[in-house]
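# Topology and contacts: notes
Listed here are the chains, written in short residue letters.
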Number of protein chains: 2
Amino acid sequence: MLEDSQQSRTKLSELGEFGLIDLLTKNLDSKLPSTIKGIGDDAAVLNFEGKQAILTTDLLVEGVHFDLAYMPLKHLGYKAVMVNLSDVYAMNGVATQITVGIACSNRFPVEALEELYSGIELAAKLYNIDVVGGDTTSSTKGLLISITAIGVADKEDVVYRTGAKPNDLLVVTGDLGAAYMGLQILEREKEVFKVNPNSQPDLDAYTYLIERQLKPEARRDVSGLLKSLEVKPTSMIDISDGLSSEIMHLCKNSKTGVNLFEDKIPLDPSMISVCEEFEIDSTTIALSGGEDYELLFTVSQTDFEKIKANPNFSIIGHMTEENEGMHLITRGNTKIPLIAKGWNAMENDAED
Amino acid sequence: MLEDSQQSRTKLSELGEFGLIDLLTKNLDSKLPSTIKGIGDDAAVLNFEGKQAILTTDLLVEGVHFDLAYMPLKHLGYKAVMVNLSDVYAMNGVATQITVGIACSNRFPVEALEELYSGIELAAKLYNIDVVGGDTTSSTKGLLISITAIGVADKEDVVYRTGAKPNDLLVVTGDLGAAYMGLQILEREKEVFKVNPNSQPDLDAYTYLIERQLKPEARRDVSGLLKSLEVKPTSMIDISDGLSSEIMHLCKNSKTGVNLFEDKIPLDPSMISVCEEFEIDSTTIALSGGEDYELLFTVSQTDFEKIKANPNFSIIGHMTEENEGMHLITRGNTKIPLIAKGWNAMENDAED
């Protein structure tokens, strides 16, 4: 369907491990002053000149986090980087370097890994980061990508999950639920394709949703936006597992409760219409869909004027005392407990 | 055979991802002043106070890098940490933090992951490092461990692969080939066990070799030893892929040749006797066995007196001009080209 047909196929074993690493990393020259030594030694050497370093790791596993039937390898490489950068941005840091670990079975030709790396390279270029190391090895089955991202921030700029206070405003960037609905569309087309391999799906109406799933962008801009507004969030987290799950993380870590207003949750019109097409409740998807890679943060009430009119931000609720609990205020003005049905790889897999 | 029988089995799905992370990381309190924030946020926050940071990643894949038939999970966790720390020490750095990524199928109960983590914890304790983050997810098959280690060094202390000069002495720590022969013994016992599950192998004579395979120790001590001798290596690398492969890396990166003397290569007596038992040439194993996690480095000739009598170090050759090539001088005083038959995960797997 959406998968490229691979014209040339070079077996991994023809190159050997070192030949493969040389091939895949040939375009990955280091650019940043903080990268003293990138690829080509036992380890990378970095210099942060008094700033604090931010470190995060994420794994993407074939059959669990992605399906190559509709995920082009280049997009996969790009997305794997975004998933990690999003965590650095959620600390209010600037991402600077990544290492890339890849385990793949011999069913993948060298050209497939080059395609994967081209997505990684594109992400590195657009987000101004250096790829400074990694490990490439074989697996007995499938493809696994493990990326570690490092970033920097001045000590006073780092934002943790722990600083939210009662009455702080709860703010989210972008819109929610689109990545999940993009996945539903891709899954549906995969089933159609199985029945009729000659079908030519018209996915134009779903472009935004599919892009949100296949080629998400991490919110590199938010740190600068907030700085220009002279706002420092009191707490921040990225939305990878769905809005409600992440709100609950902020509440748990900051020891607060929350009131979330259903009518304030930002939804893209195409997401709403596809939810209608699938007969799913759009709020449920926004709350639990996941993979949006937007940022969720809290700010003091005194920053309300600075935030309220900014098109990048939606104020969706406010924090409360911990003993008031975590609630969703529905459009019908009913107060119901907030429930996390986060996208959970472990639970997904338990059905296998 | 050597595998523990698991008494209690809690399904991964019973805990969910966050419950599992809480369980596995409950003992991983951060200890180091450089760890500002460890586990529990989007990313870890580290402070290196003007030192350079050293970053390295390695993957260990079931069926490629280890076999759970004879690798106890606790040892596996320990070894996975050692593999990474060895790379930090090979830069002449002090390892400070790691992140741990684990992908495993549902055939593993929670108790198995706890066992794996107990080995990681033990390594962290003994080597004075903090586990500051990670990712735990499911896989469709098998177990994969991805560790990223970070370390620090003063700028002037970092040792690269690129600094060796003609006439520099080539030095190696410890002894070589034991880890590979330990693996051969474990593989042999596995075959015996398949034929007769009641066999009780007597492995006492092989204790050292098996330990080198199952519970290697990274050379944390070497940096301090060299400092106390007032020796700074001109180049350094860790021996994970076999001596000859690593020597060739040093030569290639430093643009030198080498003369390696067969009779100087340090071998443990038990390694020699097991090579005789298996009718394998011990030099071949020392050159190509791999997984010894010793350090290989070059020093100026002027440091000869400081190094020569130290029981931790063996001078095994010297660097030459690049155009003289890379040679092994045999016990019979014949000069033959050095060949790398490094342990290569890609090549191994190509046979599948």
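Going by the annotation in an unreviewed UniProt entry, the name recorded for chain A is Thiamine-monophosphate kinase, with Gillisia mitskevichiae given as the source organism. What UniProt states about chain A under its Function (unreviewed entry) heading is, verbatim, "Catalyzes the ATP-dependent phosphorylation of thiamine-monophosphate (TMP) to form thiamine-pyrophosphate (TPP), the active form of vitamin B1." Database annotation for chain A, UniProt heading Catalytic activity (unreviewed entry): "thiamine phosphate + ATP = thiamine diphosphate + ADP".

### Concerning the domain arrangement of chain A
Residue and element names in this part refer to chain A. Examined at the domain level, chain A breaks down into domain 1 (12-156) and domain 2 (169-344). Between the C-alpha centres of domain 1 and domain 2 the distance comes to 26 Å. If you look at the interface, domain 1 gives 22 residues, while domain 2 gives 21 residues. A buried area of about 2100 Å², summed over both sides, lies between domain 1 and domain 2, and 57% of it is on carbon and sulfur atoms. Interface area lost by domain 1 to domain 2 is led by Tyr70, Lys79 and Tyr89, which between them contribute 30%. Where domain 1 touches domain 2, the interface holds 2 salt bridges. Measuring nitrogen to oxygen at the nearest pair gives 2.8 Å for the salt bridge that ties Glu291 to Lys79. Our enumeration of links across domain 1 and domain 2 arrives at 11 residue pairs in polar contact (both at pLDDT 80 or more). The element that contributes the greatest number of residues to the side of domain 1 that touches domain 2 is helix 2 (residues 73-89), accounting for 9 residues. Of the residues belonging to the side of domain 1 that touches domain 2, the class tally is 13 nonpolar, 5 polar and 4 charged.

### Some details on the interface of chain A and chain B
At the junction of the two partners, chain A supplies 71 residues and chain B supplies 71 residues. Buried area between chain A and chain B, both sides added, is near 5700 Å², and the carbon and sulfur share of it is 56%. Counting across the interface, chain A meets chain B through 0 salt bridges. At the boundary of chain A and chain B, one finds 8 residue pairs in polar contact (both at pLDDT 80 or more).

### Focus: the side chain of Thr283 of chain B
Residues and elements named next belong to chain B. Checked against the element boundaries, Thr283 lands in helix 9 (residues 282-288). For Thr283, a relative accessible area of 5% corresponds to the buried category. Residues contacting Thr283, with those up to four places away along its chain left out, are Glu262, Ile265 and Arg331.

### Section: the sheet that holds strand 12 (residues 326-329) of chain A
All names here are of chain A. Strand order in the open sheet made by the 7 strands is 8-10-7-11-9-12-13, with mixed pairing throughout. In the strand order of this sheet, the two ends are held by strand 8 (235-239) and strand 13 (335-337), each with one partner. For this sheet the average axis-to-axis angle between neighbouring strands, irrespective of direction, equals 25 degrees. When strand 9 (residues 256-261) meets strand 11 (residues 313-321), the two strands line up antiparallel, connected through 5 bridges. Across the sheet, Leu260 pairs through a bridge with Gly317, a residue of strand 11. Contacts between helix 7 (residues 243-254) and the sheet are confined to strand 7 (169-173), strand 8, strand 9, strand 10 (294-299), strand 11 and strand 12, with strand 8 contributing the most and set at about 155 degrees to the helix.

### Concerning the sheet that holds strand 3 (residues 52-61) of chain A
Taken together, 6 strands build an open sheet; the order of strands is 5(A)-4(A)-6(A)-3(A)-2(B)-1(B) and the sheet is mixed. Since the sheet does not close on itself, it has two edges, and those belong to strand 5 (130-138) of chain A together with strand 1 (35-37) of chain B, each with one partner. Each neighbouring strand pair of the sheet contributes to a mean axis angle of 20 degrees, computed without reference to strand direction. As defined by bridge partners, strand 4 (residues 94-104) of chain A adjoins strand 5 of chain A across 8 bridges and the pair is classed as parallel. Bridge assignment links Gln97 of chain A to a residue of strand 5 of chain A, and that residue is Asp130 of chain A. Each of strand 3, strand 4 and strand 6 (143-153) of chain A is contacted by helix 2 of chain A, which is oriented at about 35 degrees to strand 6 of chain A, the strand it contacts most. Lying on the sheet, helix 3 (residues 110-126) of chain A is in contact with strand 4, strand 5 and strand 6 of chain A; it crosses strand 4 of chain A at an angle near 170 degrees.

### Some remarks on the packing of aromatic side chains
Residues and elements named next belong to chain A. Per the counting criterion, the structure on display carries 2 aromatic pairs over all chains. For the ring pair Phe297 and Phe313, a centre distance of 5.5 Å and an interplane angle of 90 degrees mean the geometry is edge-to-face. Note that Phe297 is positioned in strand 10 and Phe313 in strand 11, a separation of 16 residues in sequence.

### Quick look at empty space enclosed by the protein
Taken as a whole and assessed by the stated rule, the structure comprises 3 cavities of 30 Å³ or more. Its volume calculated, the largest cavity comes out at about 170 Å³. Together, 18 residues line the largest cavity, and Ser139, Lys141 and Leu144 of chain A together with Ser139 and Lys141 of chain B are the ones closest to its centre. Contributions of two or more residues to the lining of the largest cavity are made by strand 6 of chain A together with strand 6 (143-153) of chain B. Of the residues assigned to the lining of the largest cavity, the class counts are 8 nonpolar, 6 polar and 4 charged.

### Concerning the packing of helix 4 (residues 178-195) of chain B against helix 5 (residues 207-214) of chain B
Residues and elements named next belong to chain B. Interhelical geometry of helix 4 versus helix 5 gives an angle of 100 degrees and a closest axis separation of 7 Å. Judged on the interaxial angle alone, helix 5 and helix 4 are roughly perpendicular. Here Ala178, Ala179, Tyr180, Met181, Gly182, Leu183, Ile185 and Leu186 of helix 4 come into contact with helix 5, specifically with Tyr208, Leu209, Ile210, Arg212, Gln213 and Leu214. Its residues assigned to classes, the contact of helix 4 with helix 5 shows 11 nonpolar, 2 polar and 1 charged.

### Topic: the confidence of the model for chain A
Residue and element names in this part refer to chain A. Mean pLDDT over chain A: 88, with 92% of residues reaching 70 or higher. Scored below 50 in pLDDT, residues 1-6 shows 15 contacts in the model against residues more than four places distant or in partner chains. Across residues 342-352 the pLDDT falls below 50, and counting only partners more than four positions away or on other chains, this stretch makes 29 contacts in the model.

Calculation notes
- Residues numbered from 1 in each chain as written.
- Chains lettered and ligands numbered in written order.
- Predicted model: local features only at pLDDT ≥ 70, side-chain atom pairs only at ≥ 80, totals over all residues.
- Heavy atoms only, no water.
- UniProt positions renumbered as here; feature names shortened; annotations may be inferred.
- Domains from an automatic or database assignment.
- Contact = heavy atoms within 4.5 Å.
- Buried area = accessible area lost by both parts, 1.4 Å probe.
- Salt bridge = Lys/Arg side-chain N within 4 Å of Asp/Glu carboxyl O.
- Polar contact = N/O pair within 3.5 Å; in protein donor to acceptor, adjacent residues only side chain to side chain.
- Helix = DSSP H or I, 4+ residues; strand = E, 2+ residues; numbered from the N terminus.
- Nonpolar A, V, L, I, M, F, W, Y, C, P; charged D, E, K, R; others polar.
- Buried < 20%, exposed > 50% of the residue type's maximum accessible area, 1.4 Å probe, protein only.
- Pairing = 2+ DSSP bridges.
- Axes fitted to C-alpha atoms, helices over the stretch in contact; angles between N-to-C directions.
- Phe/Tyr/Trp six-rings, centres within 6.5 Å; stacked < 30°, edge-to-face > 60°.
- 1 Å grid on protein atoms, 1.4 Å probe; cavity = no way out; pocket = protein on both sides within 12 Å on 5 of 7 lines; lining within 4 Å.
- Points joined across faces, edges and corners; volume = space filled by probe spheres on them.
- Parallel < 35°, antiparallel > 145°, perpendicular 65-115°, else oblique.
- pLDDT = per-residue confidence, 0-100.

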